[in-house]
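As a plain string of letters, each chain reads:
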Amino acid sequence: MRIQDALAVARADATRIAHFMERRERFLDALDWSMLNEDHARQSAMLDDLLEGDMADAILYIDWLVERLAGDAEQVPGVLRFTPHPRPWQLAWITLAS
């Protein structure tokens, strides 16, 4: 895969995560947190941490690709994808989304 194509995909993924995080923040701001039980509030905070980690990883990956491009690299074996989604341990969320 051309490194420029991988860079475009990684930048688009990072933008998608940023938009997802912004929409999620607006949604969470509108929630009545007193109606949530402790476990749901804790899981929500954990997902925030995971999304922030995904964004940090995406930014590091973009930086790495830019460094490779500056070093005259032309190809990469593939591209890492970063997409916001419920984690596998949140089966209830996956079921609700279906």
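Here the structure is shown first, and the text comes after it.
Remember, it's a predicted structure, so these values are computed and weren't measured experimentally. Starting afresh in each chain, residues are numbered from 1 along the sequence in its written order. In keeping with the predicted nature of the model, local features appear solely for residues at pLDDT of at least 70, side-chain atom pairs appear and are counted solely at 80 or more, and the whole-chain, interface and lining totals rest on all residues. Only heavy atoms go into the side-chain values, all of them from the structure, while hydrogens and water stay out.

Student: What should I look at first to understand the overall build of the chain in this one?
Tutor: In this description a helix means any DSSP run of H or I spanning at least four residues, a strand means any run of E spanning at least two, and both kinds are numbered starting from the N terminus. Of the regular secondary structure elements, the chain holds three helices and zero strands. Ordering the α and β elements of the chain from the N terminus gives α-α-α. Exposure categories follow from relative accessible area, calculated using a 1.4 Å probe and restricted to protein chains: below 20% of the type maximum is buried, above 50% is exposed, and the middle band is partly exposed. Burial status across the chain gives 24% buried among its 98 residues. Two residues qualify as a contact provided that any one of their heavy atoms is within 4.5 Å of a heavy atom in the partner residue. Contacts spanning at least 24 positions in sequence make up 82% of the contacts within the chain whose residues lie at least 6 apart. Of the roughly 6,800 Å² of accessible surface on the chain, 60% is carried by carbon and sulfur atoms. What sets the accessible areas is the Shrake-Rupley method with a 1.4 Å probe; for residues, cover comes only from the shown protein chains.

Student: I tried to follow the packing of aromatic side chains on my own but got confused; where do I start?
Tutor: Describing an aromatic ring pair means giving the distance of the ring centres and the angle of the ring planes. Note on aromatic contacts: the rings of Phe and Tyr and the six-membered ring of Trp form a pair at centre separations within 6.5 Å, being stacked when their planes are under 30 degrees apart, edge-to-face when over 60 apart, and tilted otherwise. The final tally for this structure, using the stated rule, is two aromatic pairs. Judged by centre distance (6.1 Å) and plane angle (15°), the ring pair of Y61 and W64 falls under stacked. Taken together, the residues span about one helical turn, with Y61 and W64 both in helix α2 (residues 38-70) at a distance of three residues. With centroids separated by 6.0 Å and ring planes inclined at 55°, the aromatic side chains of Y61 and F82 adopt a geometry described as tilted. Of this pair, Y61 sits in helix α2 while F82 sits in the loop between α2 and α3 (91-97), placing them 21 residues apart in sequence. The same class applies to Y61 as to F82, namely buried. A connected cluster of aromatic rings, assembled from ring pairs, spans Y61, W64 and F82.

The values are spatial; any link to function lies outside them.
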